[in-house]
Amino acid sequence: MSVLTLASDPQDAAALELAEAHHARLAGELAGRVTMLLTAVDRDPSAAEKIHAGLVAFCGSALLPHAAAEEAALYPAAHRMPEARLLIEGLIGEHRCLTALVDALRAAPAPADAAADARALQVLFEEHLAKENGLVLPLLAMSPEVSLTELLAVMHQRLATTTSAQDAQEDQDNEERHDMQEEFEETGGCGGVCGCGAQDEDDPELDVREVPHAIRHATVFGALDAIPEGTALVLIAHHDPLPLLAQIEQRRPGVFGVQYLERGPEAWRLRFSHR
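Residues numbered from 1 in each chain as written. Predicted model: local features only at pLDDT ≥ 70, side-chain atom pairs only at ≥ 80, totals over all residues. Heavy atoms only, no water.

Before going further, it helps to spend a moment on the overall build of the protein. What the protein contains, in helices and strands, is 9 helices and 4 strands. In sequence order, the protein lays out its α and β elements as α-α-α-α-α-α-α-β-α-β-α-β-β. Going through the 275 residues of the protein one by one, you find that 42% of them count as buried. The long-range share in the protein, meaning contacts at least 24 apart out of those at least 6 apart in sequence, stands at 72%. Taken as a whole, the protein presents about 14000 Å² of accessible surface, with 54% of it coming from carbon and sulfur. (Helix = DSSP H or I, 4+ residues; strand = E, 2+ residues; numbered from the N terminus. Buried < 20%, exposed > 50% of the residue type's maximum accessible area, 1.4 Å probe, protein only. Contact = heavy atoms within 4.5 Å. Areas by Shrake-Rupley, 256 points an atom, 1.4 Å probe, with all protein chains shown as cover.)

Before going further, it helps to examine the environment of Glu-205. As for its position among the elements, Glu-205 is in strand 1 (residues 205-207). When its relative accessible area of 27% is taken as the criterion, Glu-205 is described as partly exposed. Between the C-alpha atoms of Glu-205 and Arg-271, which are 66 residues apart in sequence, the distance is 8.9 Å. One polar contact links Glu-205 to Arg-269, side chain to side chain, over a distance of 3.0 Å. (Polar contact = N/O pair within 3.5 Å; in protein donor to acceptor, adjacent residues only side chain to side chain.)

This next bit is on the sheet that holds strand 3 (residues 256-263). Ordered by their spatial adjacency, 4 strands build an open sheet running 1-2-4-3, and the pairing between neighbours is mixed. Only two strands of the sheet have a single neighbouring strand rather than two, namely strand 1 and strand 3. Mean inter-strand twist for the sheet, computed between neighbouring axes without regard to direction, equals 20°. As paired strands, strand 3 and strand 4 (residues 268-274) are joined by 7 bridges and run antiparallel to one another. Following the sheet pairing, Gln-259 is matched in strand 4 by Arg-271. Running over the sheet, helix 2 (residues 10-43) touches strand 1 and strand 2 (232-237) and is turned about 140° from strand 1. Lying on the sheet, helix 9 (residues 242-251) is in contact with strand 2, strand 3 and strand 4; it crosses strand 3 at an angle near 170°. (Pairing = 2+ DSSP bridges. Axes fitted to C-alpha atoms, helices over the stretch in contact; angles between N-to-C directions.)

So, about the side chain of Glu-70. Counting through the fold element by element, Glu-70 comes out in helix 3 (residues 45-73). No salt bridge is formed by the buried Glu-70. Its closest oppositely charged neighbour is Arg-96, at 9.5 Å. Not counting the four nearest positions on each side in its chain, Glu-70 is found in contact with His-23, Tyr-75, Pro-76, His-95, His-128, Glu-132 and Met-155. (Lys, Arg positive; Asp, Glu negative; His and termini not counted. Salt bridge = Lys/Arg side-chain N within 4 Å of Asp/Glu carboxyl O.)

The next point concerns unusual backbone geometry. Looking along the chain, the bond that leaves Gly-264 and enters Pro-265 is cis, with omega of 0°. Looking at the secondary structure, you find Pro-265 in the loop between strand 3 and strand 4.

Overall, the coordinates contain 10 salt bridges when judged by the stated rule. Among the salt bridges present, the one from Asp-103 reaches Arg-106, with a minimum N-O distance of 3.0 Å. Here the residue Asp-103 and the residue Arg-106 both occupy positions in helix 5 (residues 85-107), the gap between them amounting to 3 residues, near one helical turn. Across the salt bridge formed by Arg-271 and Asp-203, the nearest N and O atoms sit 2.8 Å from each other. Taken together, the residues Arg-271 in strand 4 and Asp-203 in the loop between helix 7 (148-186) and strand 1 connect sequence positions 68 residues apart. Pair check on accessibility: Arg-271 and Asp-203 agree, each one buried.

What follows covers the environment of Ala-100. Tracing the backbone through its elements, the reader meets Ala-100 in helix 5. Along the backbone, Ala-100 and Asp-117 are 17 residues apart, and their C-alpha atoms lie at a distance of 9.6 Å.

Taken together, the buried positions of helix 9 are Leu-244, Leu-245 and Ile-248. The arc that holds every buried residue of helix 9, seen down its axis, measures 100°, which confines them to one face. Relative to its buried face, helix 9 has exposed residues pointing more than 90 degrees away, namely Pro-243 and Gln-250. Check the buried side of helix 9 and you find it contacts helix 8 (213-226), strand 2, strand 3 and strand 4. (Arc of directions from axis to C-beta.)

On to the confidence of the model for the protein, then. Scored by pLDDT, the protein comes out at a mean of 86, with 83% of its residues at no less than 70. Averaged pLDDT values for the elements of the protein fall to 47 in helix 1 (residues 3-6) and rise to 98 in helix 5. In this model residues 1-5 is a low-confidence stretch, pLDDT under 50, and it forms 5 contacts with partners more than four residues away in sequence or in other chains. Low pLDDT (under 50) marks residues 176-197, which in the prediction has 12 contacts with non-local residues, meaning those over four places away or in another chain. (pLDDT = per-residue confidence, 0-100.)

Here you go:
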């Protein structure tokens, strides 16, 4: 049954699709960051520390605020439906589990100690979103007494308020990192770009050929966001990812250099160097 058939009106049908797309972005970015952490733990402990810190920051700025906004905006409306009451209570319990896993990640003394919790967080979050996409959102969209569009608007307003405060702190942190980078370059540093275009044996690899299509691009974005400055990521795809390259450049102009290591026919391998 299609989304348009399920929804009580076209606006709610569009809202449902947007909510699912947002879920896919969150799941993909989390998957990309977790993959980079698990890879770096074995290959590059120094990079793993930064990836671990970035994963914790992502959970605090995106994943947990998303869960809190759902509980404030979406869940009360669904909880009033008899057929969804127990489901919502179970999902709230899963939010508590997600929070506990993030706390465990934050408290882990070393990236290797965080690996198992990171993977558990990814699996639980993906299963959690599947229930929301397959059950909660369609129930809300089907109900003529509920406007999914309005509920999502309230939810996004709450997220925007949270994000604005976090962005202000991030801007300050970015400015400090920029000053440190300038100082490094003035003292003769290479800035993390050697220009050789060769793959280092410690470069983590992300094979997206087995990643579900719905979260494939978001997984790449999350992985690229996770790798520290001065490092690189090798992407393996089943075709030349030209649309993805355009999206990456649009999303973060001039941040990554790209070299083709292999051009098919069975696999394309591209090295993204973080400038």
